[in-house]
Amino acid sequence: MAITASPPPQQRHGGNFRSLRHPNFRRWYVGSMVSNIGTWMQFAAQDWLVLTELTHHDARAVGIVMALQYGPQFALLPWTGTAADHLDRRTLLMLTQGIMGLLSLVLGVLVISGTVRLWELYCLALLLGCTAAFDAPARQTFVGDLVGEDDLANAVALNSTSNNAGRMIGPALAGVCIGVFGTGWAFAANGISFGAVLVSLAGLKRDQLRNRVRQGRKRGALFDGFRYVGSRSDLRAIALMLFLFGTFGLNFPIYVSTMAVSVFHADAMHYGILSSAVAIGTLAGAFLATGQGRPRLAILTRGTALFAAASAFAALAPSYWIFAGTLGVMGFAAVTIANRSNTLMQLSSDPAMRGRVMAIRLAILLGGTPVGAPFVGWIAQDFGPRWALGVSALAGLVAMLIGLRHQRRSMPQAIPALNLDEDGDASQG
(Lines give C-alpha, C1' and ligand atoms only; values in the text may rest on other atoms or scores of the structure.)
Protein backbone atom coordinates (compact mmCIF):
# COMPACT_ATOMS: atom_id res chain seq x y z
CA MET A 1 0.00 0.00 0.00
CA ALA A 2 1.49 3.31 -1.05
CA ILE A 3 1.64 6.31 1.23
CA THR A 4 -0.59 8.95 -0.28
CA ALA A 5 -0.51 12.65 0.34
CA SER A 6 -3.56 13.88 2.22
CA PRO A 7 -4.47 17.15 3.85
CA PRO A 8 -3.92 17.26 7.61
CA PRO A 9 -7.03 16.52 9.68
CA GLN A 10 -8.87 19.41 11.20
CA GLN A 11 -7.33 20.53 14.46
CA ARG A 12 -9.28 19.36 17.45
CA HIS A 13 -10.06 21.28 20.61
CA GLY A 14 -6.93 21.66 22.68
CA GLY A 15 -4.46 22.25 19.83
CA ASN A 16 -0.94 21.05 20.49
CA PHE A 17 -1.87 19.60 23.89
CA ARG A 18 -5.21 18.02 23.03
CA SER A 19 -4.15 14.51 24.12
CA LEU A 20 -3.77 15.77 27.71
CA ARG A 21 -7.54 16.03 27.98
CA HIS A 22 -7.51 12.24 28.48
CA PRO A 23 -7.01 11.63 32.26
CA ASN A 24 -5.11 8.38 31.72
CA PHE A 25 -2.71 10.01 29.31
CA ARG A 26 -2.09 12.89 31.75
CA ARG A 27 -1.11 10.44 34.48
CA TRP A 28 1.15 8.52 32.11
CA TYR A 29 2.72 11.72 30.78
CA VAL A 30 3.69 13.06 34.22
CA GLY A 31 5.12 9.72 35.39
CA SER A 32 7.04 9.27 32.13
CA MET A 33 8.51 12.78 32.35
CA VAL A 34 10.10 12.05 35.74
CA SER A 35 11.36 8.64 34.63
CA ASN A 36 12.76 10.02 31.37
CA ILE A 37 14.88 12.58 33.23
CA GLY A 38 16.37 9.76 35.30
CA THR A 39 16.95 7.58 32.24
CA TRP A 40 18.92 10.28 30.44
CA MET A 41 20.90 10.95 33.61
CA GLN A 42 21.96 7.31 33.50
CA PHE A 43 22.86 7.35 29.80
CA ALA A 44 25.13 10.37 30.25
CA ALA A 45 26.69 8.99 33.45
CA GLN A 46 27.23 5.60 31.83
CA ASP A 47 29.24 7.01 28.92
CA TRP A 48 31.28 9.17 31.31
CA LEU A 49 31.93 6.17 33.56
CA VAL A 50 33.20 4.06 30.67
CA LEU A 51 35.38 6.77 29.12
CA THR A 52 36.95 8.29 32.21
CA GLU A 53 36.75 5.77 35.07
CA LEU A 54 36.72 2.25 33.62
CA THR A 55 38.90 2.87 30.53
CA HIS A 56 41.31 5.50 29.25
CA HIS A 57 39.08 7.28 26.71
CA ASP A 58 38.27 4.02 24.86
CA ALA A 59 35.46 4.80 22.37
CA ARG A 60 35.26 1.12 21.43
CA ALA A 61 34.11 0.26 24.95
CA VAL A 62 31.29 2.81 24.62
CA GLY A 63 30.32 1.11 21.36
CA ILE A 64 30.26 -2.30 23.04
CA VAL A 65 28.00 -1.01 25.83
CA MET A 66 25.62 0.42 23.23
CA ALA A 67 25.67 -2.87 21.30
CA LEU A 68 24.78 -4.87 24.41
CA GLN A 69 22.08 -2.39 25.38
CA TYR A 70 20.36 -2.19 22.00
CA GLY A 71 21.21 -5.55 20.41
CA PRO A 72 18.35 -7.42 22.16
CA GLN A 73 15.87 -5.21 20.24
CA PHE A 74 16.77 -7.32 17.21
CA ALA A 75 17.67 -10.64 18.83
CA LEU A 76 14.37 -10.90 20.74
CA LEU A 77 12.25 -9.36 17.99
CA PRO A 78 9.78 -12.24 17.37
CA TRP A 79 8.82 -12.43 21.04
CA THR A 80 8.79 -8.74 21.95
CA GLY A 81 6.29 -7.75 19.27
CA THR A 82 4.06 -10.73 19.98
CA ALA A 83 4.07 -9.91 23.70
CA ALA A 84 2.95 -6.33 22.94
CA ASP A 85 0.08 -7.62 20.79
CA HIS A 86 -1.11 -10.50 22.98
CA LEU A 87 -0.41 -9.55 26.63
CA ASP A 88 -1.98 -6.86 28.78
CA ARG A 89 0.29 -3.90 28.05
CA ARG A 90 -0.24 -2.17 31.37
CA THR A 91 0.82 -5.28 33.31
CA LEU A 92 3.76 -5.88 30.98
CA LEU A 93 4.95 -2.29 31.42
CA MET A 94 4.75 -2.47 35.20
CA LEU A 95 6.97 -5.55 35.09
CA THR A 96 9.55 -4.15 32.66
CA GLN A 97 9.71 -0.72 34.32
CA GLY A 98 10.21 -2.33 37.72
CA ILE A 99 13.05 -4.53 36.48
CA MET A 100 14.83 -1.63 34.78
CA GLY A 101 14.58 0.43 37.96
CA LEU A 102 16.10 -2.41 39.96
CA LEU A 103 18.99 -2.83 37.50
CA SER A 104 19.77 0.88 37.75
CA LEU A 105 19.88 0.68 41.54
CA VAL A 106 22.24 -2.31 41.39
CA LEU A 107 24.61 -0.40 39.10
CA GLY A 108 24.42 2.62 41.38
CA VAL A 109 25.39 0.55 44.41
CA LEU A 110 28.34 -1.01 42.55
CA VAL A 111 29.67 2.38 41.43
CA ILE A 112 29.13 4.13 44.77
CA SER A 113 30.91 1.30 46.59
CA GLY A 114 33.86 1.53 44.17
CA THR A 115 33.67 -2.14 43.19
CA VAL A 116 32.26 -1.86 39.67
CA ARG A 117 34.21 -3.49 36.82
CA LEU A 118 33.78 -3.06 33.09
CA TRP A 119 32.52 -6.63 32.62
CA GLU A 120 29.84 -6.01 35.26
CA LEU A 121 28.70 -2.94 33.38
CA TYR A 122 28.55 -5.03 30.21
CA CYS A 123 26.36 -7.62 31.95
CA LEU A 124 23.98 -5.02 33.37
CA ALA A 125 23.78 -3.28 29.97
CA LEU A 126 22.76 -6.60 28.38
CA LEU A 127 20.10 -7.28 31.04
CA LEU A 128 18.78 -3.75 30.65
CA GLY A 129 18.67 -4.21 26.88
CA CYS A 130 16.72 -7.48 27.15
CA THR A 131 14.15 -5.84 29.43
CA ALA A 132 13.89 -2.72 27.28
CA ALA A 133 13.30 -4.89 24.21
CA PHE A 134 9.99 -6.02 25.72
CA ASP A 135 9.23 -2.60 27.19
CA ALA A 136 9.65 -0.40 24.10
CA PRO A 137 7.04 -1.83 21.64
CA ALA A 138 4.50 -2.19 24.45
CA ARG A 139 5.17 1.38 25.61
CA GLN A 140 4.85 2.87 22.13
CA THR A 141 1.62 1.05 21.26
CA PHE A 142 0.21 1.64 24.77
CA VAL A 143 -0.17 5.32 23.87
CA GLY A 144 -2.98 4.31 21.52
CA ASP A 145 -4.73 2.51 24.40
CA LEU A 146 -4.67 5.76 26.37
CA VAL A 147 -6.04 8.17 23.75
CA GLY A 148 -7.52 6.22 20.83
CA GLU A 149 -6.99 6.60 17.10
CA ASP A 150 -8.03 10.23 16.65
CA ASP A 151 -5.41 11.68 18.98
CA LEU A 152 -2.68 9.10 18.36
CA ALA A 153 -0.42 11.34 16.25
CA ASN A 154 -0.61 14.13 18.84
CA ALA A 155 -0.04 11.71 21.74
CA VAL A 156 3.04 10.20 20.05
CA ALA A 157 4.44 13.70 19.54
CA LEU A 158 3.70 14.73 23.15
CA ASN A 159 5.23 11.50 24.39
CA SER A 160 8.33 12.43 22.44
CA THR A 161 8.43 15.89 24.00
CA SER A 162 8.46 14.19 27.40
CA ASN A 163 11.36 11.97 26.37
CA ASN A 164 13.30 14.83 24.84
CA ALA A 165 12.67 17.14 27.77
CA GLY A 166 14.25 14.39 29.84
CA ARG A 167 17.06 14.24 27.32
CA MET A 168 17.66 17.97 27.78
CA ILE A 169 17.43 18.05 31.58
CA GLY A 170 18.89 14.63 32.43
CA PRO A 171 22.45 15.00 31.08
CA ALA A 172 22.79 18.45 32.62
CA LEU A 173 21.68 17.06 35.99
CA ALA A 174 24.04 14.13 35.50
CA GLY A 175 26.94 16.54 34.97
CA VAL A 176 26.11 18.34 38.21
CA CYS A 177 25.56 15.07 40.06
CA ILE A 178 28.87 13.61 38.86
CA GLY A 179 30.76 16.76 39.77
CA VAL A 180 29.22 17.15 43.25
CA PHE A 181 28.31 13.65 44.46
CA GLY A 182 29.96 11.16 42.10
CA THR A 183 28.91 9.06 39.10
CA GLY A 184 27.12 6.34 41.09
CA TRP A 185 24.45 8.69 42.43
CA ALA A 186 23.23 9.41 38.88
CA PHE A 187 22.42 5.69 38.48
CA ALA A 188 20.73 5.61 41.88
CA ALA A 189 18.61 8.64 40.95
CA ASN A 190 17.46 6.88 37.80
CA GLY A 191 16.49 3.77 39.75
CA ILE A 192 14.34 5.87 42.08
CA SER A 193 12.75 7.76 39.16
CA PHE A 194 11.13 4.58 37.86
CA GLY A 195 8.83 4.78 40.86
CA ALA A 196 7.02 7.71 39.19
CA VAL A 197 5.99 5.74 36.11
CA LEU A 198 5.00 2.74 38.23
CA VAL A 199 2.72 4.96 40.31
CA SER A 200 1.18 6.44 37.14
CA LEU A 201 0.53 2.96 35.71
CA ALA A 202 -1.05 1.79 38.95
CA GLY A 203 -3.33 4.85 38.98
CA LEU A 204 -4.73 4.40 35.45
CA LYS A 205 -8.50 3.90 35.17
CA ARG A 206 -8.86 0.56 33.43
CA ASP A 207 -12.40 1.28 32.23
CA GLN A 208 -11.08 4.26 30.25
CA LEU A 209 -8.42 2.29 28.36
CA ARG A 210 -9.31 1.94 24.68
CA ASN A 211 -10.24 -1.52 23.51
CA ARG A 212 -7.85 -3.01 21.02
CA VAL A 213 -7.97 -6.00 18.72
CA ARG A 214 -6.08 -9.01 20.02
CA GLN A 215 -5.26 -11.84 17.67
CA GLY A 216 -5.65 -15.37 18.93
CA ARG A 217 -2.53 -17.45 19.22
CA LYS A 218 -1.82 -19.45 16.09
CA ARG A 219 1.04 -21.22 14.39
CA GLY A 220 3.37 -18.77 12.64
CA ALA A 221 2.11 -15.75 14.61
CA LEU A 222 5.67 -14.86 15.61
CA PHE A 223 6.58 -14.15 11.98
CA ASP A 224 3.34 -12.56 10.81
CA GLY A 225 4.89 -9.14 11.41
CA PHE A 226 7.79 -9.89 9.03
CA ARG A 227 5.39 -11.06 6.33
CA TYR A 228 3.16 -8.04 6.85
CA VAL A 229 5.99 -5.50 6.58
CA GLY A 230 7.54 -7.40 3.67
CA SER A 231 4.31 -7.16 1.69
CA ARG A 232 4.20 -3.34 1.94
CA SER A 233 6.54 -1.28 -0.24
CA ASP A 234 6.05 1.83 1.92
CA LEU A 235 6.96 0.02 5.15
CA ARG A 236 9.96 -1.61 3.46
CA ALA A 237 11.26 1.80 2.35
CA ILE A 238 10.84 3.28 5.82
CA ALA A 239 12.52 0.22 7.37
CA LEU A 240 15.58 0.56 5.13
CA MET A 241 15.86 4.29 5.86
CA LEU A 242 15.63 3.59 9.59
CA PHE A 243 18.27 0.86 9.37
CA LEU A 244 20.83 3.22 7.84
CA PHE A 245 19.93 6.06 10.21
CA GLY A 246 19.84 3.87 13.33
CA THR A 247 22.91 1.76 12.58
CA PHE A 248 25.39 4.38 11.38
CA GLY A 249 23.83 7.72 12.36
CA LEU A 250 22.11 7.34 15.72
CA ASN A 251 25.29 7.03 17.79
CA PHE A 252 25.15 10.28 19.76
CA PRO A 253 26.86 8.83 22.87
CA ILE A 254 29.97 8.12 20.79
CA TYR A 255 29.95 11.44 18.93
CA VAL A 256 29.32 13.55 22.03
CA SER A 257 31.66 11.76 24.41
CA THR A 258 34.61 11.40 22.01
CA MET A 259 34.38 14.96 20.68
CA ALA A 260 34.05 16.29 24.23
CA VAL A 261 36.98 14.33 25.64
CA SER A 262 39.36 13.93 22.68
CA VAL A 263 38.81 17.09 20.62
CA PHE A 264 37.59 19.81 22.98
CA HIS A 265 39.02 18.37 26.24
CA ALA A 266 35.82 19.20 28.13
CA ASP A 267 35.08 18.48 31.79
CA ALA A 268 31.98 16.69 33.10
CA MET A 269 29.91 19.88 33.19
CA HIS A 270 30.65 20.81 29.57
CA TYR A 271 30.10 17.20 28.51
CA GLY A 272 26.62 17.40 30.04
CA ILE A 273 25.97 20.64 28.13
CA LEU A 274 26.73 18.91 24.83
CA SER A 275 24.25 16.14 25.62
CA SER A 276 21.67 18.75 26.54
CA ALA A 277 22.32 20.57 23.26
CA VAL A 278 21.17 17.46 21.41
CA ALA A 279 18.10 17.38 23.61
CA ILE A 280 17.19 21.02 22.93
CA GLY A 281 17.02 20.20 19.24
CA THR A 282 15.01 17.03 19.78
CA LEU A 283 12.60 18.82 22.11
CA ALA A 284 12.02 21.54 19.52
CA GLY A 285 11.37 18.95 16.82
CA ALA A 286 9.03 16.95 19.04
CA PHE A 287 7.00 20.02 20.04
CA LEU A 288 6.69 21.11 16.40
CA ALA A 289 5.19 17.71 15.59
CA THR A 290 2.40 18.12 18.16
CA GLY A 291 0.63 20.67 15.99
CA GLN A 292 0.78 18.64 12.79
CA GLY A 293 -1.54 15.96 11.44
CA ARG A 294 -0.75 12.68 9.75
CA PRO A 295 2.89 12.57 8.64
CA ARG A 296 4.07 11.87 5.10
CA LEU A 297 7.13 10.08 3.79
CA ALA A 298 8.33 13.38 2.30
CA ILE A 299 8.82 14.78 5.83
CA LEU A 300 10.85 11.70 6.73
CA THR A 301 13.00 12.19 3.64
CA ARG A 302 13.63 15.84 4.47
CA GLY A 303 14.59 14.80 8.00
CA THR A 304 17.30 12.45 6.69
CA ALA A 305 18.61 15.19 4.39
CA LEU A 306 18.88 17.64 7.31
CA PHE A 307 20.54 14.99 9.47
CA ALA A 308 23.16 14.31 6.78
CA ALA A 309 23.94 18.00 6.36
CA ALA A 310 24.15 18.65 10.12
CA SER A 311 26.42 15.61 10.65
CA ALA A 312 28.80 16.86 7.96
CA PHE A 313 28.88 20.34 9.50
CA ALA A 314 29.46 18.89 13.01
CA ALA A 315 32.42 16.92 11.66
CA LEU A 316 34.00 20.20 10.58
CA ALA A 317 33.01 22.30 13.63
CA PRO A 318 36.02 24.40 14.66
CA SER A 319 34.96 25.17 18.24
CA TYR A 320 33.08 23.70 21.19
CA TRP A 321 30.09 26.07 21.00
CA ILE A 322 29.66 25.73 17.22
CA PHE A 323 29.70 21.96 17.70
CA ALA A 324 27.10 22.28 20.45
CA GLY A 325 24.83 24.31 18.18
CA THR A 326 25.19 21.81 15.36
CA LEU A 327 24.31 18.98 17.73
CA GLY A 328 20.99 20.76 18.31
CA VAL A 329 20.26 20.64 14.57
CA MET A 330 21.20 16.96 14.47
CA GLY A 331 18.83 16.35 17.38
CA PHE A 332 16.01 18.19 15.60
CA ALA A 333 16.49 16.06 12.49
CA ALA A 334 16.81 12.84 14.49
CA VAL A 335 13.54 13.32 16.36
CA THR A 336 11.79 14.22 13.10
CA ILE A 337 12.89 10.88 11.66
CA ALA A 338 12.03 8.92 14.82
CA ASN A 339 8.65 10.56 15.50
CA ARG A 340 7.32 10.58 11.96
CA SER A 341 8.35 6.97 11.31
CA ASN A 342 6.61 5.96 14.56
CA THR A 343 3.31 7.63 13.73
CA LEU A 344 3.48 6.78 10.04
CA MET A 345 4.00 3.06 10.68
CA GLN A 346 1.36 2.87 13.42
CA LEU A 347 -1.40 4.69 11.54
CA SER A 348 -0.80 2.80 8.30
CA SER A 349 -0.77 -0.64 9.97
CA ASP A 350 -3.57 -2.99 10.95
CA PRO A 351 -4.32 -2.35 14.68
CA ALA A 352 -3.96 -6.09 15.40
CA MET A 353 -0.42 -6.00 13.96
CA ARG A 354 0.85 -2.78 15.53
CA GLY A 355 2.80 -4.38 18.36
CA ARG A 356 4.77 -6.50 15.91
CA VAL A 357 5.22 -3.66 13.43
CA MET A 358 6.52 -1.41 16.23
CA ALA A 359 8.84 -4.17 17.45
CA ILE A 360 10.24 -4.51 13.92
CA ARG A 361 10.63 -0.74 13.69
CA LEU A 362 12.54 -0.61 16.96
CA ALA A 363 14.64 -3.65 16.06
CA ILE A 364 15.66 -1.96 12.81
CA LEU A 365 16.17 1.47 14.39
CA LEU A 366 18.12 0.22 17.42
CA GLY A 367 18.98 -3.39 16.60
CA GLY A 368 21.65 -2.35 14.13
CA THR A 369 23.59 -0.83 17.03
CA PRO A 370 25.62 -4.05 17.66
CA VAL A 371 27.05 -3.53 14.17
CA GLY A 372 27.03 0.25 13.89
CA ALA A 373 28.17 1.35 17.36
CA PRO A 374 31.36 -0.77 17.52
CA PHE A 375 32.16 0.23 13.92
CA VAL A 376 31.63 3.95 14.59
CA GLY A 377 33.53 3.58 17.89
CA TRP A 378 36.44 1.99 16.02
CA ILE A 379 36.43 4.84 13.47
CA ALA A 380 36.39 7.40 16.29
CA GLN A 381 39.17 5.60 18.16
CA ASP A 382 41.56 4.95 15.25
CA PHE A 383 40.78 7.78 12.83
CA GLY A 384 39.21 10.43 15.07
CA PRO A 385 35.69 11.50 16.09
CA ARG A 386 35.31 13.79 13.09
CA TRP A 387 35.55 10.83 10.72
CA ALA A 388 32.89 9.03 12.77
CA LEU A 389 30.55 11.97 12.14
CA GLY A 390 31.40 11.64 8.45
CA VAL A 391 30.00 8.10 8.52
CA SER A 392 26.81 9.54 10.05
CA ALA A 393 26.53 12.09 7.23
CA LEU A 394 26.95 9.39 4.57
CA ALA A 395 24.26 7.21 6.18
CA GLY A 396 21.81 10.12 6.21
CA LEU A 397 22.53 10.88 2.56
CA VAL A 398 21.85 7.31 1.42
CA ALA A 399 18.65 7.17 3.50
CA MET A 400 17.46 10.38 1.82
CA LEU A 401 18.05 8.86 -1.63
CA ILE A 402 15.99 5.80 -0.68
CA GLY A 403 13.12 8.02 0.43
CA LEU A 404 13.25 10.05 -2.78
CA ARG A 405 13.27 6.88 -4.86
CA HIS A 406 10.16 5.51 -3.14
CA GLN A 407 8.36 8.85 -3.43
CA ARG A 408 9.08 8.95 -7.15
CA ARG A 409 7.89 5.38 -7.68
CA SER A 410 4.66 5.89 -5.71
CA MET A 411 3.85 9.36 -7.06
CA PRO A 412 1.26 8.24 -9.64
CA GLN A 413 -0.75 6.52 -6.89
CA ALA A 414 -0.36 9.50 -4.56
CA ILE A 415 -2.04 11.96 -6.95
CA PRO A 416 -5.81 11.95 -6.31
CA ALA A 417 -8.14 11.75 -9.26
CA LEU A 418 -9.89 14.95 -10.28
CA ASN A 419 -13.59 15.05 -11.12
CA LEU A 420 -15.47 17.93 -12.66
CA ASP A 421 -18.65 19.08 -10.99
CA GLU A 422 -21.61 20.42 -12.91
CA ASP A 423 -20.06 23.89 -13.05
CA GLY A 424 -16.85 22.54 -14.51
CA ASP A 425 -14.80 23.16 -11.32
CA ALA A 426 -12.20 20.56 -10.39
CA SER A 427 -12.72 18.60 -7.20
CA GLN A 428 -10.88 15.68 -5.62
CA GLY A 429 -12.44 12.32 -6.21
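Residues numbered from 1 in each chain as written. Predicted model: local features only at pLDDT ≥ 70, side-chain atom pairs only at ≥ 80, totals over all residues. Heavy atoms only, no water.

- As annotated in an unreviewed UniProt entry, the protein carries the name MFS transporter and comes from Sphingomonas oligophenolica.
- Taken directly from UniProt, the Subcellular location (unreviewed entry) text for the protein runs: "Cell membrane". (UniProt positions renumbered as here; feature names shortened; annotations may be inferred.)

**Examining the pattern of salt bridges**
Okay, step 1: This structure, assessed with the given rule, holds seven salt bridges.
Okay, step 2: For D85, the salt bridge goes to R356, with nearest N and O atoms at 2.7 Å. On the criterion of sequence distance, the pair formed by D85 in helix α4 (residues 77-86) and R356 in helix α15 (residues 354-367) is long-range, its members being 271 residues apart.
Okay, step 3: Its salt-bridge partner being R89, residue D145 comes within 3.1 Å of it at the nearest N-O pair. (Salt bridge = Lys/Arg side-chain N within 4 Å of Asp/Glu carboxyl O. Helix = DSSP H or I, 4+ residues; strand = E, 2+ residues; numbered from the N terminus.)

**Topic: unusual backbone geometry**
Okay, step 1: The residue H265 is not glycine, and still its phi comes out positive at about 50 degrees.
Okay, step 2: Positionally, H265 belongs in the loop between α11 (252-263) and α12 (268-290).
Okay, step 3: Residue classification places H265 among the exposed positions, given a relative accessible area of 62%. (Buried < 20%, exposed > 50% of the residue type's maximum accessible area, 1.4 Å probe, protein only.)

**Things to note about the side chain of N159**
Okay, step 1: With respect to the helices and strands, the residue N159 is situated in helix α7 (residues 152-180).
Okay, step 2: The buried category is assigned to N159, whose relative accessible area is 18%.
Okay, step 3: Ignoring any residue separated from it by four or fewer positions in sequence, one finds N159 in contact with F25, W28, Y29 and V143. (Contact = heavy atoms within 4.5 Å.)

**Observations concerning helix α2 (residues 59-70)**
Okay, step 1: Taking 1.5 Å per residue as the helical rise, α2 with its 12 residues ought to reach 16 Å, and the 17 Å between its terminal C-alpha atoms agrees with that figure.
Okay, step 2: Across the 12 residues of α2, nine count as buried, placing the element largely inside the fold.
Okay, step 3: When α2 is considered as a whole, its buried residues turn out to be A59, A61, V62, G63, V65, M66, A67, Q69 and Y70.
Okay, step 4: Its side-chain oxygen at 3.0 Å from the backbone nitrogen of R60, D58 defines the N-terminal cap of α2. (Expected span 1.5 Å × (residues − 1). Polar contact = N/O pair within 3.5 Å; in protein donor to acceptor, adjacent residues only side chain to side chain.)

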